[in-house]
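# Breakdown of the fold
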Amino acid sequence: MSDNTDKKNYELKSDAVEKLVQAENGDVPEFSEEELKKYRSKSRFNLSNTAKVVLLKAWFAGAVCYFILWGLGIYVNSLIDMLFILGIVLGMVTDLLTNNVIRFIEPADGENDKWLMFPKKGMTSFFLNMVYALVLICCVYAFYGMINRAAVWIIGNADTVPLGVEPVLFGVFCMGFDLLFVLCKNTLKRIWRDARNKA
């Protein structure tokens, strides 16, 4: 019984190999997407592309907070210097790591460019990402200040800092402001494109 099964498997595999050897570029058979999905690896926990981008942006920003703000915080006494260092490092990480990982996970070429402030690679985007990260850091710092002032006003104790800076919320705030600015950029580009097409 097993000899017959082995022989049948061998015939099927050799037949498939023979077809592949004899196939030319134009003779490759087309398969439906449903058929191809049967043979792709599947995981039980699937995240949408949007969720992956949001998590990546928040995670890398949180990592910058952990290694730079928490790591260098005891050595850098000036707040302005620390904000500047944070912005420069966040911009470098965004250009060299975050954006490249987001490009790597995109379903189709260029599909995740809509999530990036500066989608083109190069030295120009490297420096622009650092300037943009400085703006993000200033926004996050101002947002922390607003939250703490509101909390102090509600609590009535001016000697406390209700919300300290830590990596998780820092990453979430950076990601939130980043997505807000990217949305504004994409909206302005769409308005400009529509106006140019109508003209």
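Remember, it's a predicted structure, so these values are computed and weren't measured experimentally. (Residues numbered from 1 in each chain as written. Predicted model: local features only at pLDDT ≥ 70, side-chain atom pairs only at ≥ 80, totals over all residues. Heavy atoms only, no water.)

## A look at the environment of Pro119
Condition: Counting from the N terminus, the helices are the DSSP runs of H or I reaching at least four residues and the strands are the DSSP runs of E reaching at least two. Three labels apply to residues, based on accessible area from a 1.4 Å probe with only protein chains included: buried if under 20% of the type maximum, exposed if over 50%, partly exposed otherwise in between.
In this structure, Pro119 sits in the loop between helix H4 (79-104) and helix H5 (123-155). Note on Pro119: relative accessible area 25%, which makes it partly exposed. For the pair Pro119 and Asp95, spaced 24 residues apart in the sequence, the C-alpha separation amounts to 9.3 Å.

## Here's the deal with the confidence of the model for the chain
Worth spelling out the cut-off: pLDDT is defined as a per-residue confidence score from the predictor, taking values between 0 and 100.
Across the chain, the average pLDDT comes to 86, with 78% of residues at or above 70. Mean pLDDT values over the elements of the chain span from 57, in helix H1 (residues 2-22), up to 96, in H4.

## Some thoughts on the packing of aromatic side chains
This is how it is decided: Pairs were defined over the aromatic rings of Phe, Tyr and Trp, the Trp ring being its six-membered one, requiring ring centres within 6.5 Å. Orientation was assigned from the angle between planes: stacked under 30 degrees, edge-to-face over 60, tilted for the rest.
Evaluated as defined, the whole model comprises 10 aromatic pairs. For the pair Tyr132 and Phe181, a centre-to-centre distance of 6.3 Å together with 70° between the ring planes defines the contact as edge-to-face. Taken together, the positions of Tyr132 in helix H5 and Phe181 in helix H6 (residues 167-198) put the pair 49 residues apart, joining distant regions of the chain. Judged by relative accessible area, which is 25%, Phe181 ranks as partly exposed. One aromatic cluster is present, formed by Phe118, Tyr132, Phe143, Tyr144, Phe173, Phe177 and Phe181 through successive ring pairs.

## Digging into the pattern of salt bridges
Proximity of charged atoms lets side chains of opposite charge pair with each other. Rules: One side-chain nitrogen of Lys or Arg within 4 Å of one carboxyl oxygen of Asp or Glu is enough to make a salt bridge.
Scanning all chains against the criterion turns up one salt bridge. A salt bridge links Lys57 to Asp178, with the shortest nitrogen-to-oxygen separation between them at 2.5 Å. One end of the pair, Lys57, is in helix H3 (residues 49-72); the other, Asp178, is in helix H6, with 121 residues separating them in the sequence. By relative accessible area, which is 8% here, Lys57 ends up buried.

## Section: the packing of H5 against H6
For clarity, the threshold we go by: Inter-axis angles, ranging from 0 to 180 degrees, are taken between N-to-C directions of lines fitted to C-alpha atoms, where helices are fitted over the stretch in contact. With respect to orientation, any angle under 35 degrees is reported as roughly parallel, any angle over 145 as roughly antiparallel, any angle of 65 to 115 as roughly perpendicular, and every other angle as oblique. The hand of a helix crossing depends on one turn: near helix anticlockwise from the far one by less than a right angle means left-handed, and clockwise means right-handed. When checking whether two residues touch, look at their non-hydrogen atoms; a contact exists if any pair is within 4.5 Å. Side-chain classes are defined by residue name, with Ala, Val, Leu, Ile, Met, Phe, Trp, Tyr, Cys and Pro counting as nonpolar, Asp, Glu, Lys and Arg as charged, and the others, Gly among them, as polar.
The interhelical angle for the contact between H5 and H6, taken along N-to-C directions, is 120°, at an axis separation of 9 Å. By the angle between their axes, H5 is oblique relative to H6. Between H5 and H6 the crossing geometry is right-handed. For the pair formed by H5 and H6, the contact residues are Tyr132, Val135, Leu136, Ile137, Cys139, Val140, Phe143, Tyr144 and Ile147 on the first element and Leu169, Phe170, Phe173, Cys174, Phe177, Asp178, Phe181 and Val182 on the second. Class assignment of the residues belonging to the contact of H5 with H6 gives a composition of 16 nonpolar, no polar and one charged.

## As for the side chain of Asn129
Mapping Asn129 onto the fold places it in helix H5. Sequence-distant contacts of Asn129, that is, excluding residues within four places in its chain, are made with Gly91, Thr94, Asp95, Asn99 and Phe118.

## Brief notes about H5
Heads up, the rule is: Expected helix span is computed as 1.5 Å times (number of residues minus one).
Look at H5: 48 Å from first C-alpha to last across 33 residues, which is about the 48 Å you get at 1.5 Å a residue. Just downstream of H5, Gly156 is the residue with a positive phi angle, here 90°.

## Some details on the environment of Ala61
By the secondary structure assignment, Ala61 is in helix H3. Once residues lying within four places of it in the same chain are set aside, the contact partners of Ala61 are Leu90, Phe170, Gly171 and Cys174.

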